[in-house]
Amino acid sequence: MNKKRLGLISFFVLLFSMNAFTQHISDLRLNEMLINNVDNYIDEYGRHVPWIEIFNSAYNNIDVAECYLTNDTTGLADGSGIKNWYRIPKGDPKTLLSQRSFVVFYMDNAPLYGTFHVNFDPCEEGSSNYVALISSNGRTLIDIFEFPEQLRTSTEHSYGYFDDGIKGVEDANGNTVSNKGFLDYFTPGSTNSVFMGLTKSEKVAQEDPYGLGLAFISMSVVFIALILIYLMLKLFARMNRGKAAKPAHGEVKTDAVVPKTKVIAEEFTGEELAAITMALHLHVSGQHDEESEVITIETPSAHYSPWSQKQLTFKQSPYKK
Amino acid sequence: MNFIQFFTEGITQFFTYTGFANASWGNLVMIVIGLAFIAMAIIKDYEPLLLIPIGFGIILGNIPFVDGLQIGVYEDGSVLNYLYFGVLKGVYPPLIFLGIGAMTDFSALISNPKLILIGAAAQFGIFGAYIIALLLDFTPQEAGAIGIIGGADGPTAIFLSSKLAPSMMGAIAISAYSYMALVPVIQPPIMRLLTTSKERVIKMRPPRVVTHREKVLFPLLCILLTAFLVPSGLPLLGMLFFGNLLKESSVTKRLANTASGPMIDVVTILIGLTVGCSTQASTFLKVESLMIFGLGAASFVLATAAGVSFVKIFNLFLKEGNKINPLIGNAGVSAVPDSARVSQVEGLKYNKTNYLLMHAMGPNVAGVIGSAVAAGILLSFLY
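Quick caveat: nothing in here was measured; it's all calculated off a predicted structure.

The rules behind these values
Residue numbers run consecutively from 1 along every chain, following the written order of its sequence. Each chain gets a letter, beginning with A, and each ligand a number, beginning with 1, in the order they are written. Reporting of local features is limited, given that this is a predicted model, to residues whose pLDDT is at least 70; pairs of side-chain atoms are given and counted only at 80 or more, and all residues count toward the totals for whole chains, interfaces and linings. No hydrogens and no water enter the side-chain calculation; it runs on all heavy atoms of the structure. Note on conventions: DSSP H or I runs of at least 4 residues are helices, E runs of at least 2 residues are strands, and numbering of each starts at the N terminus. When accessible area is computed with a 1.4 Å probe and restricted to protein chains, residues below 20% of their type maximum are described as buried, those above 50% as exposed, and intermediate ones as partly exposed. Only heavy atoms enter the contact rule, under which two residues are in contact if any of them lie within 4.5 Å. Each residue after the first adds 1.5 Å to the expected span of a helix. In this analysis an axis means a line fitted to C-alpha atoms, helices contributing only their contacting stretch, and an angle means the value between N-to-C directions, from 0 to 180 degrees. Each helix crossing is assigned a hand: it is left-handed if the near helix lies turned anticlockwise from the far helix by less than a right angle, otherwise right-handed if that turn is clockwise. Here the term charged refers only to Asp, Glu, Lys and Arg, the term nonpolar to Ala, Val, Leu, Ile, Met, Phe, Trp, Tyr, Cys and Pro, and the term polar to all other amino acids, Gly among them. A simple way to read buried area is as the amount of 1.4 Å-probe accessible surface that goes missing from two parts once joined, with both sides added. Take a side-chain nitrogen of Lys or Arg and a carboxyl oxygen of Asp or Glu: if they are within 4 Å of each other, that pair is a salt bridge. We call two N or O atoms a polar contact when they sit within 3.5 Å, provided that within protein one can donate a hydrogen and the other can accept it, with sequence-adjacent residues counted only if both atoms are side-chain atoms. Pairs of strands are assigned from DSSP output, requiring at least two bridges between the strands. With respect to orientation, any angle under 35 degrees is reported as roughly parallel, any angle over 145 as roughly antiparallel, any angle of 65 to 115 as roughly perpendicular, and every other angle as oblique. Take the buried Ala, Val, Leu, Ile, Met, Phe, Trp, Tyr and Cys residues and link them wherever side-chain atoms come within 4.5 Å; each set so joined is a nonpolar core.

Turning our attention to the overall build of chain A. Each helix and strand in chain A was counted, giving five helices and 13 strands. Classification of the 321 residues of chain A by burial places 34% in the buried group. Considering only contacts in chain A between residues 6 or more positions apart, those separated by 24 or more positions represent 62%.

Below, the structure is given as C-alpha cells:
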C-alpha cells in the first residue's frame, strides 16, 4: 500500500517537474526591429544591417535553435515553406536564451555569416511588412511582427513593444490597445522599457528651484553627523572624568597650583611666557646650553609667523612608551 | 638660392610653432596672474606650499603652442594630461586628506566637544553660496561645486567640482585656494563687525588632557558615525580618519610620517601644478569664472559670519565661565590652521594673555570633517 502511494507521489512529482522545466517556445516574442540601420547596432563584421530582436518572456531557458524566421509565411499551413525559411542552426550555445533575455538576428540575407544572420532582407524590393517566428515543426506560428511602411525609412527610431513582449495594454476606458510603436531609444539586446527619467540634478532643479530645501536638509545632516561625534566625545569626557577623580596611588590631590598659574598668566606677556616655557623645556629635556642655533623672542624682521608653518601647529607624533 | 629659400621658409615655419606666434591676450593675462600668485607666496608668505605650484602651473598651462603636439594638459596622451588624471578622477584629494589626517591632532576637539558644533554651523557658507548661485542661473550641480568653496578646503573643492562640474574645476580650485590664502584679510573685519568688545576678551577654560585611548578611538568611531550617515563622503572622510589612526595608534609611526610628509608633499606638488595648468586662458577667462570668484568670496563671508554668529547664540545657553569666545567662530571653516591663527591674532589684539589658538583648532578640525560631510551630501543629491 505504502509502495503504491509512494509510486503515485513520485509520478506526480516527476510530472510537475517536467512541466516546470518544459520549454515554452510559445513564450518567445519578436520584440524590436530596425530596418534603416545607418549608424546604429553593428554586426560582428562591422556592418550596419537591419536587425530584429527576440525576447524570451518566460521565466525559464528556451532554445530557439531549429525554429524558423521568415518574412514570407507561404506554406505555413502544411509546413511546406520550411525550405525557404531561415532555420536557426542547432549546436550554437548562444541560441539558448535564459529567462527574460534577448537575442538579436541580423536580417542581411547572409546566412553563411553565422547563426544570427538570416536568409532574407526586409530592404529587398517586394518584401512583406512582417517577420514571423515559426516553431521547429514548420506549422506553428510562434509570433508575427508586423511593422508600418515608415519603419523602412526611419533612422531615429526602432519599432517594437513599449513593454517587452506585451502586445496589448488597457487604456483609460478599459479597452485593450496595441502596445507597439516607434520607440524613443534603440535597445537591441536589452529591454525596451527604458525609463529615461530626470537626472538627480534636474529633479533637484525642478523640485527645489531656490535650493532652500537642499540647504536645510544638508545643514541638518551636517549637524546630525557632528552632534553624533559631539555625543561620543561627551562620553569620552565622562569616562575620563571618572578616572581623573581617582588620584593615583600615593598621590595627594591638591589644587594649590591653580591660583598661581592664573597670576602668572596675567602678569607676563606672551613672549615672556614663551621664553620661560622654552627654558623649562630645555631644562627638563636636559638639552645642552650651548646650542648651534640662537633662540630669541624678538619678532622676526620678515613678515613671518611660526603659526603659518603648518607642522608647528600640530603636536609631534606620539611614541609608544 | 635654394638654401636661402629653405632657410627662410624653415625659420618662418619654426616661428609659427613658437609661443610668440600663438600667444593671445588671454594667455598673457593668465601668465601675469600666475606670477602674482608666486609673488604673493614669496613676498607675503600666503600659502606658499600651494600658491607656488599653482602659480607655476598657471604659467605652464598658458604657454601658447600649436595643438596636436601632445603637450597640453587637455591633450590626450600628454604628460600633463596623465598627471591631471588624478585631479579629474578625484584621486589626489583623498590622498591629501590622508596626509592631513596624519598631521592633525584632534585633542582640542576631544577635550572640548561643544566646539565641534561651530564646525557644523560654518558650513552654512557652502549652502548659502549654493542658494545664491542658483539665483544666478547656475545649474544645481554647478551651484553645489561653487558653494563648496565656502568649506575653505581645497582638496574637497577639487574633489566635488571634478564630479559635479569638471569644466569649472580650475576656477573653483583657484578661487578656493586664493581665498584660503586671503583668510587673514577676509575674516577679521567680519569677526570685528559681529562681536562686541566684551565678547572678544572672553577667556576660555584650558583644555583638559586627552588620553591616548581617546585619541585612538576617535578616528575609528568617527568614521563609523559619519560614513554610515553620509557614505558618499567616504573617500575624504575615510582617508582623513585613516591617516589620523596611523598617527594616533603610535605603532605605525613610519606610515604616519610618510603620509604626513613625503606623500602629501608629492600629491600637493601634483595637484597644485595640474590645477594651475588647467586654467588655460581659453577655458578660464570667462565671465563665469569671475562669477565663481564672486560667489567664492560670498561663501567665505557667509561661513565666517555663520560661525561667529553661532557662537554668540550658543553663548546664550552656556553658563558664565563656560562661554566661548566668538573670535574662534571664524575657525569653523576648514582652512587649517590659517583661520585658527586668525582667531589667535585677533584674540591677542584685545587681550595680550588670551591665547585662542588651541581653542580655535577645535572648530577648525571640525570644519574639515564638516566640509567633507557637506561634500558627501551634495554628491549624493546632485551626482
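Okay, helix α21 (residues 357-382) of chain B next. Spanning 26 residues, α21(B) covers 36 Å between terminal C-alpha atoms, matching the ideal 38 Å at 1.5 Å per step. Within α21(B), 23 of the 26 residues are buried, which leaves the element mostly enclosed by the surrounding structure.

Residues and elements named next belong to chain B. Packing of helix α9 (residues 124-135) against α21 brings their axes to within 10 Å, and their N-to-C directions diverge by 35°. Relative to α21, α9 is oriented so that their crossing is right-handed. Residues I126, F127 and Y130 of α9 form the contact with α21, whose own contacting residues are A374, L378 and L382. Residues of the contact of α9 with α21, tallied by class, amount to six nonpolar, no polar and no charged.

To continue, consider the interface of chain B and chain A. Contacts between the two partners involve 65 residues from chain B and, on the opposite side, 52 residues from chain A. Summed over the three residues of chain B that lose the most area to chain A, namely B:L225, B:R341 and B:F381, the buried surface amounts to 10% of that side. The interface formed by chain B and chain A includes zero salt bridges. Applying the counting rule to chain B against chain A returns zero residue pairs in polar contact (both at pLDDT 80 or more). Considering every element that reaches the side of chain B that touches chain A, the biggest residue donor is α21(B), with 12 residues. Each residue belonging to the side of chain B that touches chain A can be placed in one class, and the counts come to 39 nonpolar, 13 polar and 13 charged.

What follows covers the pairing of strand β1 (residues 28-34) of chain A. All names here are of chain A. Of all seven residues that make up β1, seven are buried, and the element is covered over most of its length. Summarising the sheet, β1 and strand β2 (residues 51-56) pair through six bridges and their orientation is antiparallel. Across the sheet, the residue bridging to M33 is I52, located in β2. Relative to strand β10 (residues 159-161), β1 runs antiparallel, the two sharing two bridges. The residue of β10 that forms the bridge with E32 is G160.

Right, let's get into the sheet that holds strand β8 (residues 130-134) of chain A. Residue and element names in this part refer to chain A. Pairing in this open sheet of four strands is antiparallel, and the strands run β5-β4-β8-β9 from one edge to the other. Every interior strand has two partners, whereas the edge strands, β5 (86-87) and β9 (141-146), have only one. With five bridges joining them, β8 and β9 adopt antiparallel strand pairing. Paired with A132 across the bridge in β9 is I144.

As a further point, take the environment of B:L60. All names here are of chain B. Mapped onto the secondary structure, L60 falls in helix α4 (residues 48-61). Sequence separation of L60 and T279 is 219 residues, and the distance between their C-alpha atoms is 9.5 Å. Beyond its immediate chain neighbours, meaning those up to four positions away, L60 contacts L273 and C277.

A word on the packing of α4(B) against helix α12 (residues 169-181) of chain B. Residue and element names in this part refer to chain B. Look at α4 against α12: their axes get within 11 Å of each other, and the N-to-C directions meet at 140°. It follows from the interaxial angle that α4 and α12 lie oblique. Where α4 crosses over α12, the two elements pack in a sense that is left-handed. Facing L50, L51, I54 and I58 of α4, the residues of α12 in contact are I174, Y177 and A181. Classifying every residue of the contact of α4 with α12 gives seven nonpolar, no polar and no charged.

On to the pattern of salt bridges. Taken as a whole and judged by the stated rule, the model has 10 salt bridges over all chains. One salt bridge in this structure joins B:R208 and B:E214, with 2.7 Å as the shortest N-O distance. Look at B:R208 and you get partly exposed, because its relative accessible area is 24%. On the basis of relative accessible area, B:E214 is assigned to the buried category, the value being 5%. Of the charged contacts, one joins B:K349 and B:E346 as a salt bridge, the two residues approaching to 2.9 Å between their closest N and O atoms. Taken together, the residues B:K349 and B:E346, both in helix α20 (residues 338-350) and three residues apart, mark about one turn of the helix. One salt-bridge network, in which partners are shared between bridges, spans A:D43, A:R47 and A:D108.

Ranked by internal contacts, the top residues of the largest apolar core, which has 125 residues, are A:I229, B:L109, B:F218, B:I324 and B:I369. The element contributing the most residues to this core is α21(B), with 15 residues. What A:I229 contacts, discounting residues up to four positions off in sequence, is B:I116, B:F218, B:C222, B:L225, B:T226 and B:I369. Core analysis: the second largest hydrophobic core is formed by 33 residues, A:M107, A:V131, A:I142 and A:Y159 among them.

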